[in-house]
Amino acid sequence: MHIPALDGLRFLAAYIVFFAHFANQTGLLGSLPSGGSGRIGVMIFFMLSGFLLGHLYIEDKCDWRNARKYVANRIARVVPLFYVVVVVSIVATSLGQPSFLYDISGQSTIEHLLFVNGKSVLWTVPIELQFYAAFIGVWALYQIDRTKTVVGLLVVMFGVFFFYPALPPK
């Protein structure tokens with residue numbers, strides 16, 4: 001779904017991520033964008049994703065047909081490209097070329113293939129898929145009691161924001 005009013009926010013998020021990666025790779029501006037500043041852009045993308053999913057699905061009935069359609073759409077959007085990158089990285093690593101993409105071998109192979117963890121920029125994909133799974137629960141609860149679901153989400157968001165330790169390491 002495209003909402004033109006959100007384009008500026010998308011641009012800002014993309015620019016933050018791009019600039020942080022570019023600056024970290026080139027050393028531009030010393031350590032100014034270091035410390036995971038690109039994650040701010042990623043968090044903006046996550047918030048946009050949550051908003052758009054809610055906008056698209058939350059008022060629809062959460063039944064098996066709609067849930068299957070939702071899951072199929074989410075998987076088609078994320079999984080194929082992620083698996084291509086992971087499989088190419090695994091092959092490159094096994095051929096002694098881990099710098100070709102990402103050094104994925106051993107335990108990290110299983111973690112990547114099962115969406116438990118991701119190396120480097122791939123850290124966002126398992127979190128995104130876990131969020132997609134959690135959304136189904138929120139969607140179902142919203143059908144039962146909208147007010148309690150919204151209040152519960154606000155409490156969880158507050159708790160995560162103030163009490164959850166730092167984001168996954170680089």
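Conventions and cut-offs
Residues numbered from 1 in each chain as written. Predicted model: local features only at pLDDT ≥ 70, side-chain atom pairs only at ≥ 80, totals over all residues. Heavy atoms only, no water. Helix = DSSP H or I, 4+ residues; strand = E, 2+ residues; numbered from the N terminus. Buried < 20%, exposed > 50% of the residue type's maximum accessible area, 1.4 Å probe, protein only. Contact = heavy atoms within 4.5 Å. Areas by Shrake-Rupley, 256 points an atom, 1.4 Å probe, with all protein chains shown as cover. Lys, Arg positive; Asp, Glu negative; His and termini not counted. Charge placed at Lys NZ, Arg CZ, Asp CG, Glu CD. Salt bridge = Lys/Arg side-chain N within 4 Å of Asp/Glu carboxyl O. Core = buried A, V, L, I, M, F, W, Y, C linked by side-chain atoms within 4.5 Å. Expected span 1.5 Å × (residues − 1). Polar contact = N/O pair within 3.5 Å; in protein donor to acceptor, adjacent residues only side chain to side chain.

Enquirer: What exactly am I supposed to notice about the overall build of the protein here?
Expert: For the protein, the helix and strand inventory stands at six helices and zero strands. Reading the helices (α) and strands (β) of the protein from amino to carboxyl end gives α-α-α-α-α-α. With the C-alpha coordinates of the protein rotated into their principal frame, the extents come out at 55 × 35 × 35 Å. Per-residue burial over the protein gives 31% buried out of 170 residues. Long-range contacts, defined as pairs at least 24 residues apart, comprise 60% of the intrachain contacts of the protein with a sequence gap of at least 6. For the protein, the exposed surface amounts to about 11200 Å²; the carbon and sulfur share of it is 70%. Taking the average location of the 12 positive side-chain charges in the protein and that of its 8 negative ones, the two points are 1 Å from each other.

Enquirer: Teacher, can you tell me more about the pattern of salt bridges here?
Expert: A pair can form between side chains of opposite charge whenever their charged atoms are brought close. Summed over the entire model, instances satisfying the criterion amount to three salt bridges. The residue D7 makes a salt bridge to R10 at a minimum N-O spacing of 3.1 Å. Here the residue D7 and the residue R10 both occupy positions in helix α1 (residues 7–26), the gap between them amounting to three residues, near one helical turn. Classification of D7 as partly exposed rests on a relative accessible area of 33%. Using a relative accessible area of 22% as the deciding quantity, one classes R10 as partly exposed. With its nearest N and O atoms 3.0 Å apart, the salt bridge here joins R146 to E59. Linking R146 in helix α6 (residues 146–163) with E59 in the loop between α2 (38–57) and α3 (64–94), this pair joins segments that are 87 residues apart in sequence.

Enquirer: So what exactly am I meant to see when it comes to the nonpolar core here?
Expert: Soluble, globular proteins show a tendency: their nonpolar side chains are buried together. Counting 19 residues, the largest nonpolar core has Y70, L122, L129 and F135 as its most contacted members. Listing elements by their share of this core, those giving two or more residues are α2, α3 and α5 (124–144). In this structure, A13, I16, I44 and L48 belong to the second largest nonpolar core, which totals six residues.

Enquirer: Got a minute to help me understand α6 in this structure?
Expert: For an α-helix, the turn length of 3.6 residues means that residues three or four places apart are oriented alike. Along its 18 residues, α6 runs 25 Å from first to last C-alpha, staying within 8% of the 26 Å computed at 1.5 Å per residue. Where α6 begins, one side-chain oxygen reaches toward the backbone nitrogen of T147, 3.2 Å away; that side chain belongs to D145.

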